[in-house]
Amino acid sequence: RQLVEPEKIRAHIATVFSYHDLLDRVKIVLLSGITDEVFDKACKAIAVQCEAQHIPYYHIPFFYGTHTPDIRTAMKVEELSTHIQQVMQEFLQPQETP
């Protein structure tokens, strides 16, 4: 992982975020448990892409019971709760069949 050139990381993430048919359905991005320094550039690139696409982004500790206080802090609980409620309300709306 450390040998991957930063430009290749950015290019790969830019490619993923160029699939607009997919991104139109992405309502929130959670990165969980990716805390090693080797991932810093990739996480930053993902955060930048999410911001550019107006997709709520949260980088949180690994989902594990003992991490609950840190997860709650990182998730900005009320803000994330609002985003999740919005996503679920949209998901539960009846869909027209093409």
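Presented here is a report on the structure given in the accompanying data block. Computed from a predicted model, the values in this text were never measured in an experiment.

**A few points about helix α3 (residues 40–53)**
One turn of an α-helix holds 3.6 residues; hence residues three or four places apart share an orientation. Here α3 spans 20 Å end to end across 14 residues, near enough to the 20 Å set by a 1.5 Å rise per residue. All of the buried residues in α3 are Ala42, Cys43, Ala45, Ile46 and Cys50. Viewed end-on, α3 has its buried residues packed into an arc of 160°, placing them on one side of the element. Exposed and facing more than 90 degrees away from the buried side of α3 are Lys41, Lys44, Glu51 and Ala52. If you follow the buried residues of α3, they end up packed against α1 (6–16), β1 (29–32) and β2 (57–60). Downstream of α3 by one or two residues, His54 has phi in the positive range, about 60°.

Calculation criteria
- Residues numbered from 1 in each chain as written.
- Predicted model: local features only at pLDDT ≥ 70, side-chain atom pairs only at ≥ 80, totals over all residues.
- Heavy atoms only, no water.
- Helix = DSSP H or I, 4+ residues; strand = E, 2+ residues; numbered from the N terminus.
- Expected span 1.5 Å × (residues − 1).
- Buried < 20%, exposed > 50% of the residue type's maximum accessible area, 1.4 Å probe, protein only.
- Arc of directions from axis to C-beta.
- Contact = heavy atoms within 4.5 Å.

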